[in-house]
Number of protein chains: 4
Amino acid sequence: MVNVVVNGIGTIGKRTAEAVKKQDDMTLRAISDVSQNGGLRTVLKEKGALHGTDLYASNEDGKENLESQGFHVEGVLEELIEAGEVDVVIDATPPGIDKANKENLYEPNGVKAIFQGGADPEIAPVAFNADANYEKAEGKDFVKVVSCNTTSLSRTMSAVDEAFGVEDAVANLVRRGGDIPQDGRGPINSTIPVTEVPSHHGPDVQAVMPDLDIKTLAVKVPVTYGHVHMVTANLEEDVSEQEVLDAFDGQPRVRLIEAEDGYDSTGKVHEMMRDLERPRSDMPEAGVWKETVTVEDGTAYWIHMVHQEAIVVPENIDAIRAMFEMEDKQTSIQKTNEALEIE
Amino acid sequence: MVNVVVNGIGTIGKRTAEAVKKQDDMTLRAISDVSQNGGLRTVLKEKGALHGTDLYASNEDGKENLESQGFHVEGVLEELIEAGEVDVVIDATPPGIDKANKENLYEPNGVKAIFQGGADPEIAPVAFNADANYEKAEGKDFVKVVSCNTTSLSRTMSAVDEAFGVEDAVANLVRRGGDIPQDGRGPINSTIPVTEVPSHHGPDVQAVMPDLDIKTLAVKVPVTYGHVHMVTANLEEDVSEQEVLDAFDGQPRVRLIEAEDGYDSTGKVHEMMRDLERPRSDMPEAGVWKETVTVEDGTAYWIHMVHQEAIVVPENIDAIRAMFEMEDKQTSIQKTNEALEIE
Amino acid sequence: MVNVVVNGIGTIGKRTAEAVKKQDDMTLRAISDVSQNGGLRTVLKEKGALHGTDLYASNEDGKENLESQGFHVEGVLEELIEAGEVDVVIDATPPGIDKANKENLYEPNGVKAIFQGGADPEIAPVAFNADANYEKAEGKDFVKVVSCNTTSLSRTMSAVDEAFGVEDAVANLVRRGGDIPQDGRGPINSTIPVTEVPSHHGPDVQAVMPDLDIKTLAVKVPVTYGHVHMVTANLEEDVSEQEVLDAFDGQPRVRLIEAEDGYDSTGKVHEMMRDLERPRSDMPEAGVWKETVTVEDGTAYWIHMVHQEAIVVPENIDAIRAMFEMEDKQTSIQKTNEALEIE
Amino acid sequence: MVNVVVNGIGTIGKRTAEAVKKQDDMTLRAISDVSQNGGLRTVLKEKGALHGTDLYASNEDGKENLESQGFHVEGVLEELIEAGEVDVVIDATPPGIDKANKENLYEPNGVKAIFQGGADPEIAPVAFNADANYEKAEGKDFVKVVSCNTTSLSRTMSAVDEAFGVEDAVANLVRRGGDIPQDGRGPINSTIPVTEVPSHHGPDVQAVMPDLDIKTLAVKVPVTYGHVHMVTANLEEDVSEQEVLDAFDGQPRVRLIEAEDGYDSTGKVHEMMRDLERPRSDMPEAGVWKETVTVEDGTAYWIHMVHQEAIVVPENIDAIRAMFEMEDKQTSIQKTNEALEIE
């Protein structure tokens, strides 16, 4: 059993820690942080999702801090690592801190680590997406799981590219302004263009799929649950809409959403996740609106949504299995999906 | 075991049906509706919250309708009632239809029924709130569970009124524009005053607490999770803030929320419910922000929030126990709370 | 002097009526409507923008209606037309009504008419955009001014197409949910994909620019001021960014907006219009964010915004001049721009 | 003619500078600031509202800064003051800076100054509202114009208090999250209680009306145009609704808004201001929804809205007239209202 620590219990950290707990071939040894945030107090409560998990401080200052906030802290993460009780750290700390952690804590102690989408691309030799390039992470010590937007594009693009070949693609992103609890973030009534054109999301996808010709533009809007992408892809083969739908259907983490059943917006998909009683109303799948999948004159179009808080969670789990060469790609994805009840 | 049917599987109906399933002294015999809406298809799916429940049509037209939408329908609700398999119907159909149901279906067949907050006050002899007037529903055939706003005011007001006496009170309501999936509702960037002044919410509370002198005003704003009430109550006794806090703490469905722990908005309380992995991120408690509870010169002030989709769910369960005289008030509230994991 | 009546005083109607008043070569003979809406009462007030204008009823029922609402009504529009006092009607009534007006009122009486973007394409032989196809409207009896989204795309696309040739283009639209006063429209916190893919906006542009190969996708988001378009255009010539900027700069109704001056969102552009004391904070120009204009490998990218309430107003004025062959295209555009203080 | 400088050209500063320009008994000698913000560049443009006004730097650093941003700067404010060309400064700089300005610049040079609602109450001996206490500012060197919320409460409360006497009052505030251009401010989908209970707005009103017994609570919501207040006031006299309406009607800066004419929300009132072609769609009046004015059992209720950007502008103008004893209260209010087209 691989011993896992999640360092940084924010939006991504708390979810990946819970996901690790649900696997049968890895153990959540501990979580660590430096202060109360992102619901640390709540997830550790009696009915919280991480109740009973050992809490470590990421560093000495953090220990003092957490204890002054009333937390019971088992010790400092470095001690746990030095005691040989940690095989891999999922690092979900803010950009910059992740790099320092790698250099000062993980690398010197010979502990593997997984970093998140905001990390510097140089932090790891692999930009990871399970379906697109699982094999590249096999045996690696450091892996970066790409961002939520990149993950969704990698999933949908790799499905179509593997099936029919993509000549070139344009994806335009409509990003959420902030997450549900992020009251401090706007805008309230405004659309904000990303003035870096084309945006960084294209090159980000190319870190996963180097041969893909993709350009992206982006704006930010006042919603809290879900980015939406509008995609236009010129295909190498002449295919039917049904074939494209089949390619998405065969992708293990793409969900086809039927607008005609009433699920014709991000708000309604959010409600679908509530009706499925998914924890936190999360949707780890990329959701492609079925009715938007269209092919005309060799060009495929579709619109998909990305639940920004959840989509990378299963990827972190698969990254662990790849790094320890525990399972092959198909088996790992299937195990993770079953444990997380991804259909 | 009391056999329960929930008629009308919308926002309230789907939640109360799930709540009935979680009790050990009543059985969800069936659900009924007339067409796909409010996630009927999703809750009946393999991973849906009501998977496996018998689906009946509320009437003959509904049967045809549902079958044309691909549902397996066991029959028409009237048949099930006539077969003697229904003890009580939780009616969560739209106002007007509930009344017709009472007159044409429940009353003629001698079946008890519970109605919801939107129903005509004349529909039942009791306007019900478990904590405030459980006993009044004992043995009754028809009970109306009051609306979300009224429920929250009844809970907090009865806690304070029973402890110290309320001379008179002003409560001003900031209502949500629509629920999470209700994209068709606005406003987008506007505050809408309720021009009926004082608003109907005061008399609604008085249906539960006839001796309370309370006046209310209301506005509507562009949020989807939670109404917020600002309350000013002149007390009959001179008390301390701690005593008011204790009164709230002793109310079994009021939750004290600590803003200083980071829960200083409805969005952050929503996240707390997610971190507690409450189904659908629901909060059936009324949430009083602890820091807002203040007493000055015999006047108590507080601000509380109401999760409009969930707060009446436990009240429906208690109403069943009262109507069948299954348990006394305290026991019923405790049983419901435990089953629904209300702390 | 051409005598103009504006029929239908809603969002577009009230603005075009005001614009007609500001021209020196046409007269606002009257406005007409059937009931109070869109601020009819306010614009006719002492300080309102249309104070003193003759109000006619669009039909007999409307006359009764308006009079019962306290308006002074000069008569019924048909009477004014029959008296020979109307040369052209700007019809800004809802789709369907515009068609009936044409068939029953304008055509039989030999009066010219201009219709708006929501009208059936068959209503007029010309889909009009001043810069793109002014000449096609010359001498015509019926002209349709295309919608706000189409107008903005026609302006930017024709600027680039005339200068360098556009091989093909993708434009993805982020539409506003409703206008400032439309409280009844949502969504509050949701992004809604247009499931018609590609969307109708591409063919709409082709009604103006038949040879343009353009595909569009669209979503709707919770903002009230401005649509935003993300555009990718493959050019026939290899050009520099500066050349594309110059092409936009030369288009008389495209405004280059500098994000680096602080105008990096639709909300901030709205404020710019307020600081320029534009009437109603309107922006009749299409606004291209200068920093987003990029050329890479023969592909041009840009992001522009559209003030949905105002952009078609100057087009209606130019349509009148074309239909009566009063001025050539350049002169008409210049006269309209000066009168409306478009820089 | 009194020579006025406005120091700090943000939301309040730019509007008061424009208002000064519109008076016939004072001169806008100059504006001053330290950097581009709040549309400084735009208001000075050819079509901007302050085109042609002399721009000074508030200090030496500001001069360098503004010049590096391409502005033509006449000099440093202190020089202008020392040259004897300034009689009064309207200081609309951020809190803290205003105090330093008073101590280092205005007081030593014997220049009068007016401060804004965010300033420390100690900054001036008078908390000013024209209708409520004009006389107290007569002859004073330093005056603080109270905040937008306080101004609206002072106007409505003084109208009712002067007419009938207010025993005690509760006002609950629903505040906007940010102004139109403030994209960086949230919340997006959340209601935020002000945990200081009762809130500071009550004592703020008492700075203007020391004998008024008023308590306030407040929340913040995701809208950009207008705060809304729900008010309950116990009166000393038994009066009719019409008498209260008459009292509001007689207040020179309260506007009665008719919901039944379609103006039943802040968004629709915003549109009314656009239809009146008010500069920037501003509403300097407090707007009381007529239908909400109710009297029951000696208690008056009403709901009013506050355009947070504009309401204090006329108060700044009247403050100047009071400080220089140019006119009596009624004359000053009337002159200001006429110049600003306040009906």
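Everything quoted here is computed from the prediction, not taken from an experiment.

*Asks:* So what's going on with the overall build of chain A? Which residues, and what values?
*Replies:* From N to C terminus, chain A includes 12 helices and 16 strands. Against the globule reference of 20 Å for 343 residues, chain A gives a C-alpha radius of gyration of 20 Å, in line with a compact fold. Dimensions along the principal axes, computed over C-alpha positions, put chain A at roughly 60 × 45 × 40 Å. Across chain A, the fraction of contacts at a sequence separation of at least 24, relative to all contacts at a separation of at least 6, is 73%. Summed over all atoms, the accessible surface of chain A reaches about 11100 Å², with 41% contributed by carbon and sulfur.

*Asks:* Explain the interface of chain C and chain A residue by residue, including any values.
*Replies:* Contact with chain C, which involves 39 residues of that partner, is made by 39 residues of chain A. Residue lysine 215 of chain A is joined to glutamate 296 of chain C by a salt bridge in which the shortest nitrogen-to-oxygen separation is 3.7 Å. The interface formed by chain C and chain A includes 12 residue pairs in polar contact (both at pLDDT 80 or more). Residue assignment for the side of chain C that touches chain A shows that the elements contributing at least two residues are strand S9 (166–176), strand S10 (192–193), strand S11 (214–221), strand S12 (227–235), helix H10 (266–275), strand S15 (294–296) and strand S16 (299–306) of chain C. Element by element, the count of residues in the side of chain C that touches chain A is highest for S11 of chain C, at five residues. Its residues placed into classes, the side of chain C that touches chain A shows 23 nonpolar, 12 polar and four charged.

*Asks:* Before we move on, could you go through the pattern of salt bridges and cite the residues and values that matter?
*Replies:* Applying the stated rule across the entire model yields 105 salt bridges over all chains. Note that glutamate 271 of chain A and arginine 274 of chain A form a salt bridge whose closest N and O atoms lie 2.9 Å from each other. Taken together, the residues glutamate 271 of chain A and arginine 274 of chain A, both in helix H10 (residues 266–275) and three residues apart, mark about one turn of the helix. In this pair, the class of glutamate 271 of chain A matches that of arginine 274 of chain A, namely buried. The partner of arginine 29 of chain C in a salt bridge is glutamate 85 of chain C, and the shortest N-O contact between them spans 2.7 Å. You can see arginine 29 of chain C sitting in strand S2 (residues 26–33) and its partner glutamate 85 of chain C sitting in the loop between helix H4 (77–82) and strand S5 (88–91), a full 56 residues away along the chain. The class for arginine 29 of chain C is buried, based on a relative accessible area of 19%. Assessed through its relative accessible area of 31%, glutamate 85 of chain C is described here as partly exposed. One salt-bridge network, held together by shared partners, links Lys14, Arg15, Glu18, Arg280, Asp282 and Glu309 of chain A together with Glu271, Arg274 and Asp275 of chain B.

*Asks:* Please set out helix H1 (residues 11–21) of chain D residue by residue, giving values where relevant.
*Replies:* Taking burial as the measure, the 11 residues of H1 of chain D include nine buried ones, the bulk of the element. Residues Ile12, Gly13, Lys14, Arg15, Thr16, Ala17, Glu18, Ala19 and Val20 of chain D constitute the buried set of H1 of chain D. Lining the buried residues of H1 of chain D we find H10 of chain C together with strand S1 (2–7), strand S2 (26–33), helix H2 (40–44), strand S5 (88–91) and helix H11 (313–323) of chain D.

*Asks:* Help me get a handle on the sheet that holds strand S4 (residues 75–76) of chain A, residues and values and all.
*Replies:* All names here are of chain A. Across the sheet, eight strands lie side by side as S4-S3-S2-S1-S5-S6-S8-S7; this open sheet has parallel pairing. Of all the strands in the sheet, the pair left with one neighbour each is S4 and strand S7 (126–128). With three bridges joining them, strand S6 (residues 112–115) and strand S8 (residues 142–145) adopt parallel strand pairing. When the bridges of S8 are listed, isoleucine 114 appears paired with valine 143. In the packing of helix H1 (residues 11–21) onto the sheet, contacts are made with strand S1 (2–7), strand S2 (26–33) and strand S5 (88–91), and the angle to S2 comes to roughly 155°.

*Asks:* An account of the sheet that holds strand S3 (residues 55–57) of chain C is needed here, citing residue identities and associated values.
*Replies:* All names here are of chain C. With parallel pairing, the eight strands of this open sheet are ordered in space as S4-S3-S2-S1-S5-S6-S8-S7. In this open sheet, the two strands that pair with only one neighbour each are strand S4 (75–76) and strand S7 (127–128). Bridge count for strand S1 (residues 2–7) against S5 is four bridges, and the pairing is parallel. Its bridge partner being in S5, asparagine 7 is matched across the sheet by aspartate 91. Contacting S2, S3 and S4, helix H3 (residues 60–68) crosses the sheet at an angle of about 125° to S3.

*Asks:* Talk me through the interface of chain A and chain D; I want residue IDs and the actual numbers.
*Replies:* On the side of chain D, 14 residues touch chain A, which itself brings 14 residues to the contact. When chain A packs against chain D, close to 950 Å² is buried across both sides, 59% of that on carbon and sulfur atoms. Taken as a group, Asp183, Ile188 and Thr224 of chain A account for 57% of the area that chain A buries against chain D, more than any other trio of residues on that side. At the boundary of chain A with chain D, the tally comes to zero salt bridges. Linking chain A with chain D are two residue pairs in polar contact (both at pLDDT 80 or more), by the criterion used here. Looking at side-chain class alone, the side of chain A that touches chain D contains five nonpolar, seven polar and two charged residues.

*Asks:* Residues and numbers for the domain arrangement of chain A, please.
*Replies:* All names here are of chain A. Each domain of chain A was delimited in the assignment, giving domain 1 (2–146 + 312–339) and domain 2 (148–306). Placing a centre on the C-alpha atoms of domain 1 and another on those of domain 2 gives a separation of 26 Å. Counting from both sides, the interface comprises 21 residues of domain 1 and, opposite them, 18 residues of domain 2. Where domain 1 abuts domain 2, roughly 1500 Å² becomes buried across the two surfaces, and 45% of that area is made up of carbon and sulfur atoms. When the area that domain 1 buries against domain 2 is broken down by residue, the three leading residues are Arg15, Asp131 and Val146, summing to 30%. Inspection of the domain 1/domain 2 interface yields five salt bridges. The salt bridge partner of aspartate 318 is arginine 253, with a shortest N-O separation of 2.6 Å. One can count 10 residue pairs in polar contact (both at pLDDT 80 or more) joining domain 1 with domain 2. Of the residues in the side of domain 1 that touches domain 2, the class split is nine nonpolar, five polar and seven charged.

*Asks:* Got a sec to walk through the side chain of serine 152 of chain D? Specific residues and values, please.
*Replies:* Residues and elements named next belong to chain D. With respect to the helices and strands, the residue serine 152 is situated in helix H7 (residues 148–164). We classify serine 152 as buried; its relative accessible area is 0%. A distance of 3.2 Å separates polar atoms of two side chains, one belonging to serine 152 and the other to histidine 304. Filtering out sequence-adjacent residues up to four positions away, serine 152 remains in contact with His229, Ala286, His304, Val306 and Ile311.

Calculation criteria
Residues numbered from 1 in each chain as written. Chains lettered and ligands numbered in written order. Predicted model: local features only at pLDDT ≥ 70, side-chain atom pairs only at ≥ 80, totals over all residues. Heavy atoms only, no water. Helix = DSSP H or I, 4+ residues; strand = E, 2+ residues; numbered from the N terminus. Rg over C-alpha atoms; globule rule 2.2 N^0.38 Å. Contact = heavy atoms within 4.5 Å. Areas by Shrake-Rupley, 256 points an atom, 1.4 Å probe, with all protein chains shown as cover. Salt bridge = Lys/Arg side-chain N within 4 Å of Asp/Glu carboxyl O. Polar contact = N/O pair within 3.5 Å; in protein donor to acceptor, adjacent residues only side chain to side chain. Nonpolar A, V, L, I, M, F, W, Y, C, P; charged D, E, K, R; others polar. Buried < 20%, exposed > 50% of the residue type's maximum accessible area, 1.4 Å probe, protein only. Pairing = 2+ DSSP bridges. Axes fitted to C-alpha atoms, helices over the stretch in contact; angles between N-to-C directions. Buried area = accessible area lost by both parts, 1.4 Å probe. Domains from an automatic or database assignment.

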